[in-house]
Amino acid sequence: MNKKFLMIAFVLSSILISNIANANNSMELTIYQVMQRVIDRYPSLKISAMEVAQAAEQRQQVESSLGWILNSSAGVTHDLTGLGTPSDRLDLNASLARQLESGATLSLSGGYRYEDSQLTFSPAFPNPAHTTTLDLSYRLPLAQGEGNPVYTEGLISSEAGHDLARANQLMTRITLAEKVKDLFYSALSTQARLSNAKQAVLRARELSGYINKNVKLGLSEDKDQLQAQAQLNSKLADLSSIELQWQQQQTSINRLMLEDWNQQVQPTLMQLEKNNYNVIDLIKTTEAYHPAVKISQAQLDMAESSINSALDSKKDNVDLVVSVGTRTSDGKSTTGTVSEKDWAGTVSIQYKHLFDDKGVSSKYKQAMLEKNIALENTIKTNDDIRYTVSGLVAEIEAARLAVNTAQQKLHSETLKLKEAEYRFRNGRADTAQLIQFQNEHSLAQLAYQTQKIDLNNRIIALQIFSGQFWNELSKVHGVKK
């Protein structure tokens, strides 16, 4: 029996020494401190930030559609003219054009041609001949393209895409915060169980030592010794199991923070302020903040932009084109020098009709379905927010009552245990009864700690869902929303 007692004492001493050493090297971290480390280091947040920057570039692409465009060409040709005469020709052409915000197109074009034929049609024609053209053109869409919907809707769509990327970034952050919260409070629960198990081991050890002495003095029976030893072995087994679970959770926390896998951490329960929640105001605040609402709105804006673009595509092409320019032609002929100059002008209406509009109609129907989906998502999201906020507030109030009840229960169990220990030492209570009271006190103590952790967990859950979590984090660490 002495050997078993020494072995148990050695195990307990090893556990205590290990815990003391780990405690000296461990980081005490609140939920906000853990989240700060995750935000600073976690790859998915960096990826979402790059996606936001990528979406912001889409507007630049749309705005660049109104920029000036230069086209030019140059070529040398040897060919037969329409009269079958061999001819050498040099062509130089250039144009500068841009689309205006109104949808009209303004262009300036010029050309130069040098032509040398081996045989001229008439002695009065110059050969070689130099010909230049210069034109200023203005194209105004009267139906499809009027008001430049490609540009205006493109700006709306690009802005909605940027809003969508930012909302997805915030959604990524919220999802990660919820993951951190779940792991953090699960670890706190494990720590509470671990502390509770250590206290139970110490009580079982004291009881076993006390009974062993009484057995030697003939004051206790063997069955009391066996009961105390069984209690100690049971508590040691529980402690070992909880220690293993804690090691797994500690590794997971370090993984989120990108710390060394074996870095000792100590989750710390914060004392959060007691708030009297105004559910209606909180719902409004959440609706204004939550990324799910912004995602639905961005999808709605993009769908409406697609609808307007599809409606424009269903129109016929009717363009008014006005052009004015100059022409020059000069060179030497067999009869003398030729030099001709004149102006040129054009006013025309261009029309195009698409007979097979199935593709355009399909695009319009698709956009309408996207709009209806976005509207339904908006309704669903607002309903989810109302139910979630109301539910969390109700759960917080219930959890506060549970904490008070558990505290009262623990107080009663503490008094009951002290009274049982007094009767046990005076021989008026047996070992089985004392062990039962110890277990009941241990359960009450664990229930009280668990209820406090659960209350804290629900408060943080509401903070994350409503956006208040980032305000608190900003106060502590200066982290932006």
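Described in the following lines is the structure provided in the data block.

Conventions adopted
- Residues numbered from 1 in each chain as written.
- Predicted model: local features only at pLDDT ≥ 70, side-chain atom pairs only at ≥ 80, totals over all residues.
- Heavy atoms only, no water.
- Helix = DSSP H or I, 4+ residues; strand = E, 2+ residues; numbered from the N terminus.
- Buried < 20%, exposed > 50% of the residue type's maximum accessible area, 1.4 Å probe, protein only.
- Contact = heavy atoms within 4.5 Å.
- Areas by Shrake-Rupley, 256 points an atom, 1.4 Å probe, with all protein chains shown as cover.
- Pairing = 2+ DSSP bridges.
- Core = buried A, V, L, I, M, F, W, Y, C linked by side-chain atoms within 4.5 Å.
- Axes fitted to C-alpha atoms, helices over the stretch in contact; angles between N-to-C directions.
- Parallel < 35°, antiparallel > 145°, perpendicular 65-115°, else oblique.
- Left-handed = near helix turned anticlockwise from the far one by under 90°.
- Nonpolar A, V, L, I, M, F, W, Y, C, P; charged D, E, K, R; others polar.
- Salt bridge = Lys/Arg side-chain N within 4 Å of Asp/Glu carboxyl O.
- Arc of directions from axis to C-beta.
- Polar contact = N/O pair within 3.5 Å; in protein donor to acceptor, adjacent residues only side chain to side chain.

Turning our attention to the overall build of the chain. In terms of helices and strands, the chain carries ten helices and eight strands. Residue burial in the chain is summarised as follows: out of 481 residues, 36% are buried. A sequence separation of at least 24 residues applies to 77% of the contacts in the chain between residues at least 6 apart. Accessible surface for the chain amounts to roughly 27600 Å². Of this, 55% is attributable to carbon and sulfur atoms.

For strand β2 (residues 69-80), the buried fraction is low: zero of the twelve residues fall into the buried class. The sheet contact formed by β2 and strand β3 (residues 86-99) spans twelve bridges and is antiparallel. Bridging across to β3, H78 finds its partner in D88.

Quick look at the pairing of strand β4 (residues 105-117) now. Both β3 and β4 contribute to a ladder of 13 bridges, which runs antiparallel. Along β4, the bridge assignment pairs L92 with Y112. In this structure, the hairpin formed by β3 and β4 is closed by a connection of five residues, where G103 is found at a positive phi of approximately 105°. Pairing analysis gives eleven bridges linking β4 to strand β5 (residues 129-141), with the strands arranged antiparallel. Each residue of the ladder has a partner; that of G111, found in β5, is T133.

Following the sequence through the fold, M27 ends up in strand β1 (residues 27-29). Distance in space between the C-alpha atoms of M27 and P267 is 8.1 Å, their sequence separation being 240 residues. Not counting residues up to four positions away in its chain, the partners in contact with M27 are R37, M257, E259, Q263, Q264, V265 and Q266.

With 61 residues, the main nonpolar core has F469 and W470 as its most contacted residues. Elements with a contribution of two residues or more to this core: β1, α2 (31-41), α4 (149-216), α5 (222-257), α6 (279-289), α8 (358-425), α9 (431-466) and α10 (468-477). Sorting elements by how many residues they give to this core places α4 first, with 15 residues. Once residues within four sequence positions are removed from consideration, F469 is found in contact with I31, Y32, M35, I460, Q463 and I464.

Next up on the list: the packing of helix α7 (residues 291-313) against α8. Following both chains from N to C, one finds α7 and α8 inclined at 160°, their axes separated by 8 Å at the closest point. With respect to α8, the axis of α7 lies roughly antiparallel. Note that α7 runs across α8; the crossing there is left-handed. The residue inventory of the contact of α7 with α8, partitioned by class, reads 14 nonpolar, eight polar and four charged.

So, on to the pattern of salt bridges. Evaluation of the coordinates by the stated rule reveals 20 salt bridges. Its salt-bridge partner being D135, residue R327 comes within 3.0 Å of it at the nearest N-O pair. With R327 in strand β7 (residues 317-333) and D135 in strand β5, this pair connects stretches of sequence that are 192 residues apart. Judged by its relative accessible area of 32%, R327 falls in the partly exposed class. For E395, the salt bridge goes to R458, with nearest N and O atoms at 2.5 Å. Here the residue E395 occupies a position in helix α8, and R458 occupies one in helix α9, the gap between them amounting to 63 residues. Within this structure, K409, E413, K416 and E440 form a network of salt bridges that share partners.

Turning our attention to unusual backbone geometry. Excluding glycine, residues mostly have negative phi values, and the peptide bonds linking residues are mostly trans. Positioned with a positive phi, N148 is a non-glycine residue whose angle comes to about 55°. By the element assignment, N148 lies in the loop between β5 and α4. What makes N148 buried here is its relative accessible area of 3%. Positive phi values are uncommon outside glycine, yet L258 reaches one of about 60°. Tracing the backbone shows L258 in the loop between α5 and β6 (265-267). A relative accessible area of 41% means that L258 is categorised as partly exposed.

Here we take up α6. Listing the buried residues of α6 in full gives L282, I283, T286 and Y289. Angularly, the buried residues of α6 cover 130° about the axis, an arc narrow enough to put them on a single face. The exposed set on the far side of α6, more than 90 degrees from its buried face, consists of I280, K284 and A288. The residue sitting at the N-terminus of α6 and contributing the capping side-chain oxygen is N278; that oxygen lies 3.2 Å from the backbone nitrogen of I280.

Mapping D319 onto the fold places it in strand β7. Engagement of the side chain of D319 in a polar contact is seen with the side chain of R139, the distance being 3.3 Å. Ignoring anything within four residues of it in the chain, the contact list for D319 reads R139, L140, P141, L142, Q144, S348, I349 and Q350.

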